[in-house]
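# Observations on the model geometry
Here is how the chains run, residue by residue.
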Amino acid sequence: MTLFTSLLDEVYACTRCTENLPYEPKPILQIDPQAKILIVGQAPGRKAHEAGIPFDDASGDRLRDWVGISREQFYDPKCVAILPMGFCFPGTGKSGDLPPRPECAPAWRDRLLSHLQDIELTLVIGQYAQNYHLHDKRSSLTETVCAWKTYWPKIVPLPHPSPRNNIWLNRNPWFQAELLPKLRQRVSEVLDR
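First, a word on scope: everything that follows refers to the structure included in this document. (Residues numbered from 1 in each chain as written. Predicted model: local features only at pLDDT ≥ 70, side-chain atom pairs only at ≥ 80, totals over all residues. Heavy atoms only, no water.)

### Quick notes on the packing of helix α3 (residues 58-67) against helix α10 (residues 173-191)
To keep it simple, the criterion reads: To define axes, lines are fitted to C-alpha atoms, for helices over the stretch in contact only, and angles between the resulting N-to-C directions are given on a 0 to 180 degree scale. Secondary structure elements follow DSSP: runs of H or I no shorter than four residues count as helices, runs of E no shorter than two count as strands, and numbering proceeds from the N terminus. If an angle is under 35 degrees, it is roughly parallel; if it is over 145, roughly antiparallel; if it lies from 65 to 115, roughly perpendicular; otherwise it is oblique. Residues count as neighbours in contact if any of their non-hydrogen atoms are within 4.5 Å of one another. Residue polarity follows a fixed list, in which Ala, Val, Leu, Ile, Met, Phe, Trp, Tyr, Cys and Pro are nonpolar, Asp, Glu, Lys and Arg are charged, and the others, Gly among them, are polar.
One can describe the packing of α3 onto α10 by two numbers: an axis separation of 7 Å at closest approach and a directional angle of 75 degrees. In terms of orientation, α3 lies roughly perpendicular with respect to α10. On the side of α3, the interface is formed by Asp65, Trp66 and Val67, while α10 contributes Phe175, Leu180, Leu183, Arg184 and Val187. Taken together, the residues of the contact of α3 with α10 sort by class into six nonpolar, no polar and two charged.

### Observations concerning the sheet that holds strand β2 (residues 80-82)
Note the following rule: Only when DSSP finds a minimum of two bridges between them are two strands counted as paired.
Pairing within the open sheet is parallel, and its four strands lie in the order β2-β1-β5-β6. Pairing within the sheet leaves two strands with one partner each, and these edge strands are β2 and β6 (155-158). The mean angle between the axes of side-by-side strands here comes to 15 degrees, regardless of whether they run parallel or antiparallel. One ladder, built from four bridges, connects strand β1 (residues 37-40) with strand β5 (residues 121-125); its direction is parallel. Residue pairing across strands places Val40 opposite Val124, the latter belonging to β5. The strands touched by α10 are β1, β5 and β6; relative to β6, the strand with the most contacts, the crossing angle is about 140 degrees.

### Description of the side chain of Thr144
Which entries qualify depends on this criterion: Categorising residues by exposure relies on relative accessible area from a 1.4 Å probe, with only protein chains included: less than 20% of the type maximum marks a residue as buried, more than 50% marks it as exposed, and the intermediate range marks it as partly exposed.
Take Thr144: it is sitting in helix α7 (residues 141-146). Its relative accessible area of 7% is what places Thr144 among the buried residues.

### As for the pattern of salt bridges
Side chains that differ in charge, positive against negative, can pair when their charged atoms come close. Where we set the bar: Here, a salt bridge means any Lys or Arg side-chain nitrogen found within 4 Å of an Asp or Glu carboxyl oxygen.
In this structure the tally under the stated criterion is nine salt bridges. Between Asp65 and Arg184 there is a salt bridge, with its nearest N and O atoms 3.7 Å apart. Of this pair, Asp65 sits in helix α3 while Arg184 sits in helix α10, placing them 119 residues apart in sequence. A relative accessible area of 47% means that Asp65 is categorised as partly exposed.

### With respect to helix α5 (residues 104-113)
Counted only if it meets this: Each C-beta atom gives one direction from the helix axis, and the arc is the one those directions make.
Residues Cys104, Ala105, Ala107, Trp108, Arg109 and Leu112 constitute the buried set of α5. Projected onto a plane normal to the axis of α5, the buried residues spread over an arc of 160 degrees and lie on a single side. Counted as exposed and oriented over 90 degrees from the buried face of α5: Pro106 and Asp110. Those residues of α5 that are buried are in contact with α1 (3-12), β1 and α6 (127-133).

Everything listed here is a matter of coordinates, which is why it stays silent on function.
This is how it looks when you write it as structure tokens:
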């Protein structure tokens, strides 16, 4: 058994936050040391929890459209690693899913990331992921996404692709007009190597 396989076994057996979850722990992630693209989200939603597949919902459909790749490529761990800030569904609050559990990232993130030596592009989705992965804190998610050229071409900050963000997308037409064409081109370049 390799160190990587052993680490994954530990992750999938994790029960660190059992008492704080609405369901049994069910870590949901996708990773292979050969991955070229890393997607960092918040935490799996209820539908992903039920299916056991990250972004297996309308958010995933939109995200795949944003990056311009097929479902098959998206779910090929040798192409795309998906490591949310929290690996288990945290439950639902008044305005959507609860934040990722704080126990997860300190326990697993650096150990898993150390196995991803071939990453050429990291998509950082949402405030919790951006706070962890981007070292220059900005006042809002919108300000961070507006500054995408600052991080280009290695990192791209994105809003969450949830249908709940339609208002944000309508208020920020530059996102679809300017950023998404560049993002699709970059993803194609990375995966075609």
